[in-house]
Structures are given as structure tokens and as C-alpha cells.
Amino acid sequence: MWDYSDKVKEHFFNPKNAGAVAEANATGEVGSISCGDALRLTLKVDDDTEVILEAGFQTFGCGSAIASSSVLTEMIIGMTIDDALKITNQDIAGQLEGLPPEKMHCSVMGREALQAAIANYRGEVWKDDHEEGALICKCFAIDAVMIEEMVWANKLRTVEDVTNFTKAGGGCASCHEDIEAILEKVLAEKGEKFDPTVAPAAQPEKIAAVKAPLTNLQRIKKIEEVLESLRPSLLADGGDVELVEVIGNTAYVNMTGACNGCQMAAMTISGIQQRLMEVMGEFIKVVPASEMSKLTQVEVA
Amino acid sequence: MADIYLDNNATTKVDHEVVDVMIPYFLEQYGNPSSIHKFADGVARGLKHARQQVQALIGCEHDSEIIFTSCGTESNSTALLSAIKAQPNKKEIITTTVEHPAILTLCEHLEKEGYTIHRLPVDKAGRLNIESYKKLLSDQVAIVSVMWANNETGTIFPVAEMAELAHAAGVMFHTDAVQAVGKIPMMLQDTKIDMLSLSGHKLHAPKGIGVLYLRRGTRYRPLLRGGHQERGRRAGTENSASIVGLGKACELALNYIEYENTTVKEMRDRLEKGITESIPHCFVTGDLYNRLPNTTDIAFEYIEGESILMLLNKAGIAASSGSACTSGSLEPSHVMRAMDIPYTAAHGTIRFSFSRYNTMAEVDEVLKVMPGIVATLRKLSPYWDGDGPVANPEQAFAPTYA
């Protein structure tokens, strides 16, 4: 069984605003082909103020699809449609205290139903702007379509390239076989052959492998370099990382911004650790800086 | 009422008698069966006895035809990989579209390595077409692998007949019988089945123990090479406690096989009849006249399986579903798709699978809560309006699919 948050369960067992709004003037109907779930969202919008007065949902889908629909209606009632359009699927998942990576598409479906309903209110035709594929990387919720597009667009050739550009495969690494299969397929379409031994093509600045053991100063500099190279992808998600201290082979970091308290933070840290070890060619342990206090206490004692 | 477990095709409770015979192999007779001392002197006898208990349940000619493995999946992989290694010139495999992933995923992998995989389709009742099977048999085929009974619908396949046809064409025949063993009687020595997989945890033995039946004289290549265990056919120190447990479980299964096909079947039939009579727009999937006695798979139209399971779980009832969302994959069950069950029904399939531990009182309890659960979810469904589905559901609600 999925590890659903209490909030998801609450909205599933006692859904809010179920059913169609009686005198709706906005309707959005969307489905997620990937799992067969579908949702109809009906709204009653005040024509003068453009405030959403009522919202109702009808959902054919699993527990998290029903919970996403329910929480969405709660979020948007009382909002203007312009403000409602700013809601992202992350906001919906956040209101539910998180969704399992396999279930994030349920929150995407909620956001799309909202966009479709507002387009319907404005007399526009809503067009879906993304395609969804099989989930490949469960650590960072990256699907096959996304990886394929990035491989095409950026001439990626190795698993490492894919991880650098999409984060896919940067966590537990168990999807590397699937990523290789995608590379094989796309490269074959381009008339090339996948070669796992080829040097990463797209790595912007290649950091030379270090043969001799590092001094502590060298180690700190290297760690800073690697964190710098990872920073853009963290910033893209609204997060950041800060190096606090290095003791021996252990690097203490602070996850800040959206990374702070994110349920993926542990995954991100292990991704950083893996990257550090790959680049530096030695064992590095990455630990949240909050663990340092325990260390000091031990030393004092 | 205590919680009700109706998910016995997924796995079963270990029988208390099975646990009892296992304990001494953890605490007293824990020696390596290959050792010469008193900590091990009873183990070889225990293993021999277990082998005979398995032999009696599946009706094979010799107890040496039983190879203990770690699970059904290992048995399946061993069987297929052995067949292709032993016959390197044969590059085709025949199987079905509704096999367990333990066969299908392996076949997909072999396909990438250049093997041709013939996947027999099924009709809307989940049945195979024997005529098209006959046409595929040739000297190019290394092995046929067809499940004895389907895990989702319980549909039984004519494996004895198919094995005869394969044998006549000089082709090896394997059956994944993990769902069938212990639920229906079998007498392997009267068939031409060359290999059979079974799994302990489906018949009240622990998880992590399985068997590959290998007919004497069948050409064979081990998956695991190493020590001399299992006569060199499966290296690795014997899981003696689990083997002895599996033996006991097989003995019990044989004793209960009539009970399974009378009392257990009556419970299943009563649940199925009660649900289909009291709930509109639901239907039983699979071959109703040729099924395991313990399994029913019911499609509830216009609602989704995981939602049903969550409400059942809240009511203390355990079952499983063929919906996409429960598996973490992105598709509804491949078995439902193979039977051409419409999307709006395939997502709402619930499998109830019984064991000898279930009771009629439990059936009545499920019948009491099920109509309410289905009605609750249909109230939320865009395909449903009041007391019935909306007119022309597929046209009335046609979402934009992403």
C-alpha cells in the first residue's frame, strides 16, 4: 500500500466539494492517460469580480486523485481566477503534505483541470502542454518522455549526461538500466550507437580525477566546486545547498530554500554524495549540518 | 469482527503446524546438512521427507525430480534459461499474454537478446486458442511456458493437453503452477509436462522457498553453479527449515484439497453471487466455468480499484486490484487488457482470493459493506449520475487526455 500522508487520507475518506456545481459557468475535463484517471472540475465564477464562488469535482481515480481533486477545490474557492492560475501542481501536493513520486501526476491532473475550466470560462480552448511517459527515476519523479526529449535536445550520450541534465538516476541509481535502454533507443534513432564507456559529452566543465590523496584544503575546494556545479539544478527547484564544515571525509551541508524540509531532501543529499565520490574518486559522506551538534556533544562529553 | 484476509493469491498465512515443524531446524538441527555431526544428522532425513511430501502433492514419479529453489521466480527463470542454454540452436519461445511478470519480463529481456517470443492471446473470457498454438510449434521452439492457472482471474489453462502437443512436436514444456498447486489435484507423472514451478508462500508455507519440478531425463543446465546441493542442479546451502516447512504445507494441502474444492469454493461462489446480485454494473472476469475454486475477480464499472481497496481496508477487508494505481505501473493489469476489458471497468477490478482459513461469516461481512463502498465512489464519479451511469458514458464525459 502507498504511504499516503494523513492529509491525503483525510481528503479521500471525507472529500470536500464532491459533485458538480449546480449553476456552473466553467467546466474543465482532463484525464491522465498514464493511469486512466480522469477529473471533471466545475466552477461558479462571479462575472464582475472573477472570484471563484463555488467549485465541485467528479473524479474517476485512485485515492490520491480523489484527494488532489478535493484539496484543489478547497484551495481555489474565494480566489480570483488569475490567482488560481498561479497554483502549481507542487502547491497541490504541498497542501496534501506530499504525494509519492508515482502519484505526482494526480496533482498535475488537478492543475490541468483548473486551467481547462478557466479557459472554458474565458471562451478559450485549453491545450495540454506536456506529455507524460512511464516513470523512470522514482527518486526525482522523472519520466521517460522527459528523458527522451533531453537526450534529443542536448545530444546526451551517457547515463551521467542524463543525470546532469534531468537529475534522473542521481539518487539510488537503480534506474540506470532503464536510462541506458532509453539512450540505446534514441541514439539508434539518430543512427548512433550507445557506448557506456564514452566520456560524458555534455559535461560543461570536466573535473579531472585526482590520483594522489587530497589534502584537507584541496578536498574542501573540490567539494565547493562540485556543489557549485550542482547548484543550477537545485536552484531550478527553488532550493540551494551550503557547505558548513568538512571534517575528515565527512561534509556537513545545509539544505536551504525549497530543499529545506522537502521530502526529497534525503535523496538530494545522497545524490550529492554520489556525485562527490564520482568526481573526487574517494569516499565522502554528506551529512546535514544539524548532525554536527551531536558530534560536538560527544566530544565535550 | 476481526480483519478479513481475502488476498490469498498474493500470499498466505503460514500454517501453525508448518511453523511448528520448522522451529527445531532453527534451534537444534541447525547444522549444515552436508556436515557429519549430530547438529546435522537429522537434516538430510528432514529434507528427504519434505521432498516426498512435495512429490505426493504434485504426483510426480520420483522424489529426485524435486529441486528446491528460493521462490517461484527463481524456478521460472531456471526453467526458461536452462531450456535455451541446453538447446542453443533453438531461438523461439512460446508463452501467453497473461503470464506473471516472472515469465513476461524475462521473455522481454530474451527478446532483446534476439529470441523470438510468441505470446498467445486470450479471448474475452481469458481462454487460449489451441489451434493457433499448434501452428506455432516447430523445431525452432526451445520451450513452451504456460501458466497452469492465472493469478488474477483464476482461469485454468489446458496445460496437460498443451504439453502433449509440445511433446509430440519435440518441444520442452514448462508450466508456472504457483497458483494451481494445492488448489486443484494434479498427477504430473500422467502428463508430458517437463518442468513446473511452485512457490511455498502461496500454500501456507513461508516466503523464500520454491520448487522446480524437473522430469527425469529432461535436458537441464543449472542457473546457480557451485556446491553439490540438489544433486548439483541448484547450488547453495539448503534452506532446511523452509524446505521442511514446505513439505508439511504440501502434506496439509493434499489433505485439504477436497475442502478447497467444496467448502472454499462455496464461500467464493456465495460472495460472487451476492455481489453481482446486489450491485449493478459489475461483472466477473475470466472463464467462469474453468477456474480455481478460491478466486473471483470482479470488475466494478465507472470506479477505480485503489479507491475501492482503501475503503475495504478501512472496513478491515484485504483484497487486491488490477488497477494501474495499485501496481505503481502506468497501465491497468495486462491480464485485463489482454481480455479486452474496457478501461472504465479494467481500472475497477477487485480480486477476492480465499483460503481454508476463511469463513462464511466473513463472506457475509464483505457482502454487507461492499454495496456501500461502491455507491460512495460512484457518487464521486464523472461517469455516474444518481442511480445509474450517465447516458453514453464515453461521450458524456470525454476528458482531454494528457
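Given the structure is predicted, the values throughout are model-derived calculations rather than measurements.

**Details of the overall build of chain A**
Each helix and strand in chain A was counted, giving eleven helices and eight strands. Of all 301 residues assigned to chain A, the portion counted as buried reaches 40%. In chain A, the share of contacts with a sequence separation of at least 24, taken over all contacts with a separation of at least 6, comes to 57%.

**Description of the overall build of chain B**
Helix and strand counts for chain B come out as 14 helices and 16 strands. Intrachain contacts of chain B at a sequence separation of at least 6 include 71% that bridge at least 24 residues.

**Notes on the domain arrangement of chain B**
Reports of interface size often rely on the accessible area that becomes lost once the parts have come together. All names here are of chain B. For chain B, the assigned domains are domain 1 (16–255) and domain 2 (258–381). For domain 1 and domain 2, the distance between their C-alpha centroids amounts to 28 Å. Contact with domain 1, which involves 19 residues of that partner, is made by 19 residues of domain 2. Looking at side-chain class alone, the side of domain 1 that touches domain 2 contains eight nonpolar, seven polar and four charged residues.

**Details of the confidence of the model for chain B**
Note that predicted coordinates carrying low pLDDT should not be read in detail. Per-residue pLDDT for chain B averages 95, and the proportion of residues at 70 or more is 98%. The ipTM for the predicted assembly is 0.85, set against a pTM of 0.82.

**Some points on the confidence of the model for chain A**
For chain A, per-residue confidence averages 85 on the pLDDT scale, and 88% of positions sit at 70 or higher. Long-range and interchain partners of residues 204–210 of chain A, a stretch whose pLDDT sits below 50, account for five contacts in this model, where long-range means more than four residues apart.

**Examining the packing of helix H1 (residues 16–27) of chain B against helix H7 (residues 240–255) of chain B**
Packed helix pairs are specified by the crossing angle of their axes together with the interaxial distance, meaning the distance between the axes. Residue and element names in this part refer to chain B. Relative orientation of the contacting elements H1 and H7 amounts to 155 degrees, with a least axis distance of 8 Å. On the basis of the axis angle, H1 is roughly antiparallel to H7. Judged by the sense of rotation from one axis to the other, the crossing of H1 with H7 is right-handed. Facing H1, whose interface residues are Glu-17, Val-18, Val-21, Met-22, Tyr-25 and Phe-26, H7 presents Ser-240, Ala-241, Val-244, Gly-245, Lys-248, Ala-249 and Leu-252. Residues belonging to the contact of H1 with H7 are distributed by class as follows: nine nonpolar, two polar and two charged.

**Regarding the pairing of strand E3 (residues 92–96) of chain B**
Residues and elements named next belong to chain B. Most of E3 sits inside the fold, with four of its five residues counted as buried. Each parallel crossover has a hand, and the one from E3 via helix H4 (residues 101–112) to strand E4 (residues 116–120) is right-handed. Bridge count for E3 against strand E5 (residues 141–145) is three bridges, and the pairing is parallel. Looking at E5, one finds that Glu-92 is bridged to Val-141.

**Some points on the sheet that holds strand E6 (residues 239–247) of chain A**
Neighbouring strands of a sheet are bound in pairs by backbone hydrogen bonds; such pairs are parallel or else antiparallel. Residues and elements named next belong to chain A. With respect to topology, three strands assemble into an open sheet ordered E6-E7-E8, the strand pairing being mixed. Looking at which strands have only one partner, the edges of the open sheet turn out to be E6 and strand E8 (285–288). Strand-to-strand twist in this sheet, taken as the mean axis angle between neighbours without regard to direction, amounts to 35 degrees. Where E6 lies against strand E7 (residues 250–257), eight bridges are found, and the strand directions are antiparallel.

**Brief notes about the environment of B:Ser353**
Residue and element names in this part refer to chain B. Structurally, Ser-353 can be placed in strand E13 (residues 349–353). On a C-alpha basis, the gap between Ser-353 and Asp-7 in space is 5.0 Å, while along the polypeptide they are 346 residues apart. Discounting chain neighbours no more than four positions away, the residues touching Ser-353 are Leu-6, Asp-7, Asn-8, Asn-9, Asn-294 and Thr-295.

**Looking at the interface of chain A and chain B**
Counting from both sides, the interface comprises 30 residues of chain A and, opposite them, 25 residues of chain B. Elements that contribute at least two residues to the side of chain A that touches chain B include exactly helix H1 (6–13), strand E1 (26–32), strand E2 (37–45), strand E3 (52–60), helix H2 (63–76) and helix H5 (104–121) of chain A. The leading source of residues in the side of chain A that touches chain B is E1(A), at four residues.

**A word on the nonpolar core**
Residues A:Leu43, A:Ala117, B:Ile58, B:Ile143, B:Val144, B:Tyr213 and B:Ile308 are the most contacted members of the largest nonpolar core, which totals 148 residues. Looking at which element gives the most residues to this core, the answer is H5(A), with ten residues. Excluding residues that lie within four positions of it along the chain, B:Ile58 makes contacts with B:Val181, B:Met186, B:Leu188, B:Leu196 and B:Tyr213. Of all hydrophobic cores here, the second largest spans 19 residues; its members include A:Met146, A:Val162, A:Ala168 and A:Cys175.

**Some remarks on the packing of H2(A) against H5(A)**
Residue and element names in this part refer to chain A. Where H2 contacts H5, the two axes come as close as 9 Å, and the packing angle between them is 40 degrees. Relative to H5, the element H2 is oriented oblique. In this structure, H2 crosses over H5, and the sense of that crossing is right-handed. Packed against H2, whose contacting residues are Ser-64, Ala-65, Ser-68, Ser-69, Leu-72 and Ile-76, the element H5 presents Cys-106, Ser-107, Met-109, Gly-110 and Leu-114 at the interface. For the contact of H2 with H5, the class distribution of residues is six nonpolar, five polar and no charged.

**Points about the sheet that holds strand E10 (residues 295–300) of chain B**
Residues and elements named next belong to chain B. The strand order across the open sheet formed by four strands is E9-E10-E13-E12, and the pairing between neighbours is antiparallel. Looking at strand neighbours, the two that pair on one side only are strand E9 (282–284) and strand E12 (320–321), the edges of this open sheet. Sheet topology places E12 next to E13; two bridges connect them, and they run antiparallel. Within E13, the position partnered with Ser-320 by the bridge is Arg-351.

**Re the pairing of E3(A)**
All names here are of chain A. Of all the nine residues making up E3, seven are buried; the element is thus mostly covered by neighbouring parts of the structure. For E2 and E3, the ladder comprises eight bridges, and the chain directions are antiparallel. In the strand pairing of E3, Val-45 is matched with Ile-52. In this antiparallel pair of consecutive strands, E2 and E3, the connection spans six residues, and Glu-50 shows a positive phi of 60 degrees.

**Focus: unusual backbone geometry**
Although it is not a glycine, B:His204 sits at a positive phi angle of roughly 70 degrees. Mapping B:His204 onto the fold places it in the loop between strand E7 (195–199) and strand E8 (210–214).

**Digging into H1(B)**
All names here are of chain B. End to end, H1 covers 17 Å across twelve residues, agreeing with the expected 16 Å (1.5 Å per residue, within 8%). The complete set of buried residues in H1 reads Val-18, Met-22 and Tyr-25. Here the buried residues of H1 occupy an arc of 45 degrees about the axis, which is enough to place them on one side. Summarising the geometry of H1, the exposed residues directed more than 90 degrees from the buried face are His-16, Asp-20 and Leu-27.

**Brief notes about helix H13 (residues 360–380) of chain B**
With 21 residues, H13(B) extends 32 Å between its outermost C-alpha atoms, agreeing within 8% with the 30 Å of an ideal straight helix rising 1.5 Å per residue. Listed as buried for H13(B) are B:Glu362, B:Val363, B:Val366, B:Met370, B:Ile373, B:Val374, B:Leu377, B:Arg378 and B:Leu380.

Procedures and definitions
- Residues numbered from 1 in each chain as written.
- Chains lettered and ligands numbered in written order.
- Predicted model: local features only at pLDDT ≥ 70, side-chain atom pairs only at ≥ 80, totals over all residues.
- Helix = DSSP H or I, 4+ residues; strand = E, 2+ residues; numbered from the N terminus.
- Buried ≥ 20, exposed ≤ 12 C-beta atoms within 10 Å, placed from the backbone.
- Contact = placed C-beta atoms within 7 Å.
- Domains from an automatic or database assignment.
- Nonpolar A, V, L, I, M, F, W, Y, C, P; charged D, E, K, R; others polar.
- pLDDT = per-residue confidence, 0-100.
- Axes fitted to C-alpha atoms, helices over the stretch in contact; angles between N-to-C directions.
- Parallel < 35°, antiparallel > 145°, perpendicular 65-115°, else oblique.
- Left-handed = near helix turned anticlockwise from the far one by under 90°.
- Right-handed = clockwise from strand over helix to strand, strands pointing away.
- Pairing = 2+ DSSP bridges.
- Core = buried A, V, L, I, M, F, W, Y, C linked by C-beta atoms within 7 Å.
- Expected span 1.5 Å × (residues − 1).
- Arc of directions from axis to C-beta.

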